Amino acid sequence: AQSVAQPEDQVNVAEGNPLTVKCTYSVSGNPYLFWYVQYPNRGLQFLLKYITGDNLVKGSYGFEAEFNKSQTSFHLKKPSALVSDSALYFCAVRAGYNNNDMRFGAGTRLTVKP
Amino acid sequence: DGGITQSPKYLFRKEGQNVTLSCEQNLNHDAMYWYRQDPGQGLRLIYYSQIVNDFQKGDIAEGYSVSREKKESFPLTVTSAQKNPTAFYLCASSIERGLTYEQYFGPGTRLTVT
């Protein structure tokens, strides 16, 4: 079965600095990879996904992620962090087409300080 | 939170009572899901349904029940058999077209059982 690891519980960055939230995955076959963001007491909001094509995926709010097959990673990045980016971020993986088993990481809390 | 509604936002129950959480979607999505979120554990799948009148157990189905009588609705009942029901419950729906897969989440229901 597929799995996702988010090795950092917490990431702290200063406003204006670049940010990275790490994600590694394990799956048989071609992965479908996703990033979601969650604000307090809210549902998850979709940020971006990789299914096929270019390894660098651009998503909402200036976020991007790079699919690295050899390292089985899908790290989330943003060139310049905003205080409003502070939230809980989840990476998720799905094992290919017609598979309803989507696995989520434990989440990484991003704090951007002014 | 897209076209998925969950009600109520906060729910309080006494131990030993069954409680039903509502989830409705107007996205015309075929598949619907229930997840449970606990601090530091990410999301865990309770049940999912790919079509009307069909549903499958996820990783933590014990103590829960669902129905899917209509495409738009996927209510979750938390029974008295669930040992630790206090959690944040998230409903989601998804659609798949060719290589495109999208999963959207509702705003969540926070259940507190005392």
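The structure presented is a predicted model; accordingly, all values stated were derived computationally and were not measured.

Asks: I keep staring at the sheet that holds strand β7 (residues 64–66) of chain B and nothing clicks. Help me out?
Replies: For sheets, the rule is that strands pair by backbone hydrogen bonds, running either parallel or antiparallel. Residue and element names in this part refer to chain B. An order of β1-β3-β8-β7 is seen for the 4 strands of this open sheet, with the pairing classed as antiparallel. Each edge of the open sheet is held by one strand with a lone partner, namely β1 (4–7) and β7. The average undirected angle you get between the axes of adjacent strands in this sheet is 20°. As judged from the 4 bridges shared by β1 and strand β3 (residues 19–25), these two strands associate in the antiparallel manner. Across the sheet, residue Thr5 finds its bridge partner in β3, namely Glu24.

Asks: Sorry, what's going on with the side chain of Arg68 of chain B here?
Replies: One can find Arg68 of chain B in the loop between β7 and β8 (76–78). Within polar-contact distance, the side chain of Arg68 of chain B engages the side chain of Ser49 of chain B at 2.8 Å.

Asks: Can you help me understand unusual backbone geometry in this one?
Replies: A negative phi angle is the norm for most residues apart from glycine, just as the trans form is the norm for most peptide bonds. Backbone torsion omega between Ser7 of chain B and Pro8 of chain B reads -10°, so that peptide bond is classified as cis. In this structure, Tyr61 of chain A takes a positive phi of about 60° despite not being glycine. As for its placement among the helices and strands, Tyr61 of chain A is situated in the loop between β7 (56–58) and β8 (64–68). Backbone geometry places Asn28 of chain B, a non-glycine residue, at a positive phi of 65°. Here Asn28 of chain B lies in the loop between β3 and β4 (31–37). Since its relative accessible area comes to 54%, Asn28 of chain B is described here as exposed.

About the criteria used
Residues numbered from 1 in each chain as written. Chains lettered and ligands numbered in written order. Predicted model: local features only at pLDDT ≥ 70, side-chain atom pairs only at ≥ 80, totals over all residues. Heavy atoms only, no water. Pairing = 2+ DSSP bridges. Helix = DSSP H or I, 4+ residues; strand = E, 2+ residues; numbered from the N terminus. Axes fitted to C-alpha atoms, helices over the stretch in contact; angles between N-to-C directions. Polar contact = N/O pair within 3.5 Å; in protein donor to acceptor, adjacent residues only side chain to side chain. Buried < 20%, exposed > 50% of the residue type's maximum accessible area, 1.4 Å probe, protein only.

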